[in-house]
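Residue-level structure breakdown
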Amino acid sequence: MVIVRITFLKPTVMIKNTSYALTGALLFFGFLFKFMYWPGAGVLLVSGLLGMAILLIAKIIEHRSPLVTRQNIACLLGVFYILGVIFKIMHYPGAGIMLMVSMVGLSILLAEFALSMRKVLHALLPLLFSVSLFFALFKIMHWPKPDYIMYGSFLAFSAVFPILLFKRAYELKSSSSKEIRSHYLIGGLMATVLLAAELKLTLYPDLWGTEVYQLLAAKTLLYGGFVLLLQRTRKLNGLSSQFKSD
């Protein structure tokens, strides 16, 4: 019976991993095509977003007991957000309502998560992103907004993120988790480059004569690489309860 169960699980895991990879590839190339003004960006983005919505629904079904958890609520709000973005791209009615419900809900959820964390420095990440997400809604809906709060909170998030990664890598210096530590160091370097790109886009868009679309394409590549790094980190042996909050 154990052999049958293992045989059944292998193709299931393979299908799941393939779905993640395909969805990620569609989104990655969709954004890349959009920033480079190549044809087909809309189709790629909508396909990737639909794939992501399906994966989030599958995650809710997978963790349906208990049904009302922070993760399931976040996944449900994520589905609403994705559908809102798709409706916005396709110019369907109802996009604004879905974006408002999902982005306000995710902002509140992130703020609640930040308040539940014991370490103040770690709580800064979800709290700053919560503020950025809330005011990003103002930008999407064309409401009057204090730009300095939205951009300031996101730049602060982008600055704190690599600091925390390097700090965690330093804490693991004397431990046996050398491979995990190397992932933190690589992530910190990538986050630092992303911070530099964000500062250039926000403060000095014309510096060095770099076109905005080129920088956005480079950021897309970095974000894609960062997601792959996270996926590889989660699969490492030796991950224990001490890395759960990470």
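Everything here concerns the structure above.
First things first, this report covers the structure right here in the doc. No experiment lies behind these values; they were computed from the predicted model shown. (Residues numbered from 1 in each chain as written. Predicted model: local features only at pLDDT ≥ 70, side-chain atom pairs only at ≥ 80, totals over all residues. Heavy atoms only, no water.)

Some points on the environment of Ala159
Going by this rule: Numbering of helices and strands runs from the N terminus, with a helix taken as a DSSP run of H or I at least four residues long and a strand as a DSSP run of E at least two residues long.
Here Ala159 lies in helix 6 (residues 147–171). The sequence separation of Ala159 and Leu194 amounts to 35 residues, and the corresponding C-alpha distance is 9.5 Å.

Details of the side chain of Lys219
Selection criterion: Relative accessible area decides the class of each residue, using a 1.4 Å probe on protein chains only: under 20% of the type maximum gives buried, over 50% gives exposed, and in between gives partly exposed.
By the secondary structure assignment, Lys219 is in helix 8 (residues 212–234). Overall, Lys219 belongs to the buried group, its relative accessible area being 10%.

Digging into the packing of aromatic side chains
Applied cut-off: Geometry of aromatic contacts follows a simple scheme: Phe, Tyr and Trp rings, the Trp one being its six-membered ring, pair when their centres are within 6.5 Å, and the pair is stacked under 30 degrees between planes, edge-to-face over 60, tilted otherwise.
This model, assessed by the stated rule, comprises 12 aromatic pairs. The interplanar angle of 40° and the centroid separation of 5.4 Å between the aromatic rings of Phe135 and Phe138 together place this pair among those described as tilted. Remark: Phe138 and Phe135 occur in helix 5 (residues 120–140); sequence separation between them is three residues, near one turn of the helix. Each member of the pair, Phe135 as well as Phe138, carries the same accessibility label: buried. Plain terms: the ring middles of Phe161 and Phe226 are 5.6 Å apart, the flat faces sit at 50° to each other, and that makes the pair tilted. Of this pair, Phe161 sits in helix 6 while Phe226 is found in helix 8, placing the two residues 65 residues apart along the sequence. Among the aromatic residues, ring-to-ring pairing joins Phe129, Phe154, Phe157, Phe161 and Phe226 into one connected group.

A word on the packing of helix 2 (residues 41–62) against helix 3 (residues 70–90)
If you want to describe how two helices pack, look at the angle between their axes and the distance between the axes. Here is the rule we go by: A fitted line through C-alpha atoms serves as each axis, taken over the contacting stretch for helices, and the angle formed by two N-to-C directions is quoted from 0 to 180°. Oblique is the label for any angle not covered by the other classes, which are roughly parallel (under 35 degrees), roughly antiparallel (over 145) and roughly perpendicular (65 to 115). Should the near helix be turned anticlockwise from the far one by less than a right angle, the crossing is termed left-handed; should it be turned clockwise, right-handed. Note on contacts: a residue pair qualifies if any of its non-hydrogen atoms lie within 4.5 Å across the two residues. Throughout, the ten residues Ala, Val, Leu, Ile, Met, Phe, Trp, Tyr, Cys and Pro are labelled nonpolar, Asp, Glu, Lys and Arg are labelled charged, and all others, Gly among them, are labelled polar.
Where helix 2 meets helix 3, the axes come as close as 9 Å, and the angle between the chain directions of the two elements is 160°. Taken together, the axes of helix 2 and helix 3 are roughly antiparallel relative to one another. Of the two elements, helix 2 crosses helix 3, and the hand of that crossing is left-handed. Contacts between helix 2 and helix 3 involve Val46, Leu49, Leu50, Met52, Ala53, Leu56, Ile57, Lys59 and Ile60 on the former and, on the latter, Gln71, Asn72, Cys75, Leu76, Gly78, Val79, Ile82, Val85, Ile86, Ile89 and Met90. Looking at side-chain class alone, the contact of helix 2 with helix 3 contains 16 nonpolar, three polar and one charged residues.

What about unusual backbone geometry?
For residues that are not glycine, phi is negative in most cases, and the peptide bond is trans in most cases. A cis amide bond links Ser65 with the next residue in sequence, Pro66, at an omega value of -5°. Locating Pro66 in the fold gives a position in the loop between helix 2 and helix 3. In this structure, Tyr37 is a non-glycine residue whose phi angle is positive, near 60°. Considering the arrangement of structural elements, one finds Tyr37 in the loop between helix 1 (2–35) and helix 2. The backbone of His91 shows a phi angle near 60°, a positive value even though the residue is not glycine. For His91, the position within the fold is in the loop between helix 3 and helix 4 (95–116).

Quick notes on the pattern of salt bridges
To be explicit about the condition: One side-chain nitrogen of Lys or Arg within 4 Å of one carboxyl oxygen of Asp or Glu is enough to make a salt bridge.
Considering all chains together, one arrives at four salt bridges under this definition. Note that Lys167 is salt-bridged to Glu171, the shortest N-O span being 2.6 Å. Of the two residues, Lys167 and Glu171 both sit in helix 6, four residues apart, roughly one turn of that helix. We classify Glu171 as partly exposed; its relative accessible area is 38%. Between Glu198 and Lys219 there is a salt bridge, with the nearest N and O atoms lying 2.5 Å from each other. Of this pair, Glu198 sits in helix 7 (residues 178–203) while Lys219 is found in helix 8, placing the two residues 21 residues apart along the sequence. Like Glu198, the residue Lys219 is buried in the burial classification. Linked by salt bridges that have partners in common, Lys167, Arg168 and Glu171 make up one network.

The quantities given are spatial measurements derived from coordinates; they are silent on function.
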